[in-house]
Amino acid sequence: MGRLFAIEIIYRGIFQKTLARNISRAIVLAAHKEGKPGISFGRYGDSPERNGIPAKSFAIVATDDVTLEEGMAKYEPKDVDITICVDDTLAKGVESWAWYGLQPVNKLLKPGGTLIVTSRLEADPIIAMCHRKETPYEMAILKAIPSFSGLWVYKDDHTDVRILGAIAKILPDLFSLKSVQAAITDEWHDAVKVTSAARAYEKLTTVTVKPTQGNPEVPFKFDLPKWHEMGEGIVIPSIPAGHKMEDPGTHATGGYKPDRNPTFKKFSTRTMRPVVDFDTCIKCTLCWLQCPDSCFDVTPEGLYDANMEACCGCGVCEAVCPVPNCVTMVNESSFHDNASQWVAWRKDKTNYKGWVQEKIKGHGERSHGFRYLGQYEEQVPEMLDIATKG
Ligand code: SF4
Ligand code: SF4
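### Brief notes about the overall build of the protein
At step 1: Scanning the protein from terminus to terminus reveals eleven helices and 13 strands.
At step 2: Considering only C-alpha atoms, the protein reaches an extent of 70 × 55 × 40 Å along its principal axes.
At step 3: Buried residues in the protein amount to 49% of all 390 residues.
At step 4: In the protein, the share of contacts with a sequence separation of at least 24, taken over all contacts with a separation of at least 6, comes to 76%.

Below, the structure written as structure tokens:
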């Protein structure tokens, strides 16, 4: 029995699909340079993959054909040597539109495996976002924005080859930097990309994440019904009508909160969330009318509270709100819970105002939903500079 290597790439559906495919394919090509057979594939050929939805690609490599065949006799790997996360807001977990609950980003990592995250953040805030894991693992940060590299309209920022260089350093038994560089030359015919891979290899460092570090919350999950629990025919329970909201201070009731799907949450679908300044809201209803996911709960006093179990972070509410800075989309990495902003405002308006100001400061940072046309292209030269100089 030879050795099997498994690598998963966690990405934002559609926007980063080509990037993930290029990375998983190049992993296999680099391994081929050392005579190791392999295969790359996407996780969701049979299910929806939509804009921003967390999704996965895998690369499986073995030291011989028989070991590879054995490794492939599963729908997807149960554990991996390396997890690659190409959007740091996914460190909060992976909740695809194809399964059940929230999967910690480090869940499949073998003990001592490595999580590579592309991010402008340092390791500590990313570790804080990741759920705790029973066994220690390594974390490596590649300084980068969430890349759109490979998407047909966006320019290459070398994220793909930088990750390959990082893998060669982390897992030298899989392939060497020399093999990575040979594969890049064959695939892209680009000497600068070869340099970027070498810089990532040279500069890469890792930190050990202990079982006591990270988000202690139990990830959201639910039990799927067993086949013998299902009745004959198909019964799809309807979602009940909504109900009034209750003011946390006065206990007055009013407004309207629609009931929502109890199992389908969108905690990690979004990369940004709206921050609402209730003091400046003019109750025009536009956000409530235009939100494609019906996220807004109507409060007893007629304000609109974006419900974070339903929001997918599309930014429409910010775009339609006529009051400057009343709704501001803020990078998801700035938040650590999904609590109601309206409840916080009702409890302490002065404190809430300070919270809003602090959150929207520097909100121009791009997440995958860039803030104005051309912003990504402006950032690519900076990323290339980091890629080639390290
Ligand atoms: S960002 Fe705004 S419009 Fe979009 S889903 Fe969230 S609350 Fe609705
Ligand atoms: S669009 Fe803006 S001003 Fe209008 S109700 Fe929504 S938050 Fe208030």
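### Observations regarding the layout of surface pockets
At step 1: Taken as a whole, the largest pocket holds about 610 Å³ of empty space.
At step 2: Taken together, 23 residues form the lining of the largest pocket, with Leu102, Gln103, Pro104, Lys107 and Pro219 sitting closest to its centre.
At step 3: Partitioning the lining of the largest pocket into residue classes produces ten nonpolar, four polar and nine charged.

### A few points about the packing of helix α4 (residues 159-170) against helix α5 (residues 177-188)
Two packed helices can be described by the angle between their axes and the distance between those axes.
At step 1: Closest axis-to-axis distance for the α4/α5 pair is 9 Å, and the angle between their directions is 160°. With respect to their mutual orientation, α4 and α5 come out roughly antiparallel. Two packed elements cross with a definite hand, and for α4 against α5 that hand is right-handed. On α5, the residues that touch Asp160, Val161, Leu164, Gly165 and Ala168 of α4 are Leu177, Val180, Ile184 and Trp188.
At step 2: In terms of residue class, the contact of α4 with α5 is made up of seven nonpolar, one polar and one charged.

### Section: helix α2 (residues 65-72)
At step 1: Of all the positions in α2, only Thr67, Leu68 and Gly71 are classed as buried. Down the axis of α2, the buried side of the element spans an arc of 100°, and every buried residue falls inside it. Facing away from the buried side of α2 by over 90 degrees, the exposed positions are Asp65, Val66 and Glu69.
At step 2: Each element contacted by the buried residues of α2 is listed here: β1 (4-12), β2 (38-42) and β3 (54-62).
At step 3: Backbone nitrogen of Val66 and a side-chain oxygen of the N-cap are separated by 3.2 Å at the start of α2; the cap is Asp64.

### A word on the side chain of Glu332
At step 1: Topologically, Glu332 is positioned in the loop between β13 (327-331) and α9 (341-347).
At step 2: There is a polar contact of 2.8 Å between the side chain of Glu332 and the side chain of Arg273.

### What about the pattern of salt bridges?
At step 1: What the rule picks out here adds up to 22 salt bridges.
At step 2: A salt bridge links Lys92 to Glu332, with the nearest nitrogen and oxygen atoms 3.0 Å apart. Highlighted residues: Lys92 in the loop between β4 (80-85) and β5 (109-119) and Glu332 in the loop between β13 and α9, separated in sequence by 240 residues. Judged on exposure class, the residue Lys92 and its partner Glu332 are both buried.
At step 3: Note that Glu332 and Arg273 form a salt bridge whose closest N and O atoms lie 2.8 Å from each other. Residue Glu332 is located in the loop between β13 and α9, and its partner Arg273 is located in strand β10 (residues 272-276); the two are separated by 59 residues in the primary sequence. As far as the burial class goes, Glu332 and Arg273 line up, both buried.
At step 4: Taken together, the salt bridges that share partners define one network made up of Lys92, Arg270, Arg273 and Glu332.

### Remarks on the environment of Ala128
At step 1: Note on placement: Ala128 falls in helix α3 (residues 123-129).
At step 2: Taking C-alpha positions, Ala128 is 27 Å from Glu76, a pair spaced 52 residues apart along the chain.
At step 3: Residues contacting Ala128, with those up to four places away along its chain left out, are Gly214 and Asn215.

### Points about helix α10 (residues 349-360)
At step 1: Its twelve residues give α10 an end-to-end C-alpha distance of 16 Å, which sits within 8% of 16 Å, the value for a rise of 1.5 Å per residue.
At step 2: All of the buried residues along α10 are Tyr352, Val356, Lys359 and Ile360. All buried residues of α10 fall inside an arc of 85° around its axis, so they share one side. Exposed residues pointing more than 90 degrees away from the buried face of α10 are listed as Thr350 and Asn351.

### A few points about the pairing of β13
At step 1: With five of five residues buried, β13 is to be regarded as a mostly interior element.
At step 2: Taking every second residue as pointing to the same face, both faces of β13 are buried, with Val327, Met329 and Asn331 on one and Thr328 and Val330 on the other.
At step 3: Pairing of β10 with β13, which is carried by five bridges, proceeds in the antiparallel orientation. Across the sheet, Arg273 pairs through a bridge with Val330, a residue of β13.

### Some details on the domain arrangement of the protein
At step 1: Each domain of the protein was delimited in the assignment, giving domain 1 (4-222) and domain 2 (243-262 + 272-360).
At step 2: Its C-alpha centre places domain 1 at a distance of 34 Å from the equivalent point of domain 2.
At step 3: Taken together, the six residues of domain 1 in the interface contact seven residues of domain 2.
At step 4: Of the roughly 490 Å² buried at the junction of domain 1 and domain 2 (both faces included), carbon and sulfur atoms supply 58%.
At step 5: Between domain 1 and domain 2 we count one salt bridge in total.
At step 6: Taken together, the links from domain 1 to domain 2 amount to two residue pairs in polar contact (both at pLDDT 80 or more).
At step 7: A per-class count over the side of domain 1 that touches domain 2 returns three nonpolar, one polar and two charged.

Parameters at a glance
- Residues numbered from 1 in each chain as written.
- Chains lettered and ligands numbered in written order.
- Predicted model: local features only at pLDDT ≥ 70, side-chain atom pairs only at ≥ 80, totals over all residues.
- Heavy atoms only, no water.
- Helix = DSSP H or I, 4+ residues; strand = E, 2+ residues; numbered from the N terminus.
- Buried < 20%, exposed > 50% of the residue type's maximum accessible area, 1.4 Å probe, protein only.
- Contact = heavy atoms within 4.5 Å.
- 1 Å grid on protein atoms, 1.4 Å probe; cavity = no way out; pocket = protein on both sides within 12 Å on 5 of 7 lines; lining within 4 Å.
- Points joined across faces, edges and corners; volume = space filled by probe spheres on them.
- Nonpolar A, V, L, I, M, F, W, Y, C, P; charged D, E, K, R; others polar.
- Axes fitted to C-alpha atoms, helices over the stretch in contact; angles between N-to-C directions.
- Parallel < 35°, antiparallel > 145°, perpendicular 65-115°, else oblique.
- Left-handed = near helix turned anticlockwise from the far one by under 90°.
- Arc of directions from axis to C-beta.
- Polar contact = N/O pair within 3.5 Å; in protein donor to acceptor, adjacent residues only side chain to side chain.
- Salt bridge = Lys/Arg side-chain N within 4 Å of Asp/Glu carboxyl O.
- Expected span 1.5 Å × (residues − 1).
- Pairing = 2+ DSSP bridges.
- Domains from an automatic or database assignment.
- Buried area = accessible area lost by both parts, 1.4 Å probe.

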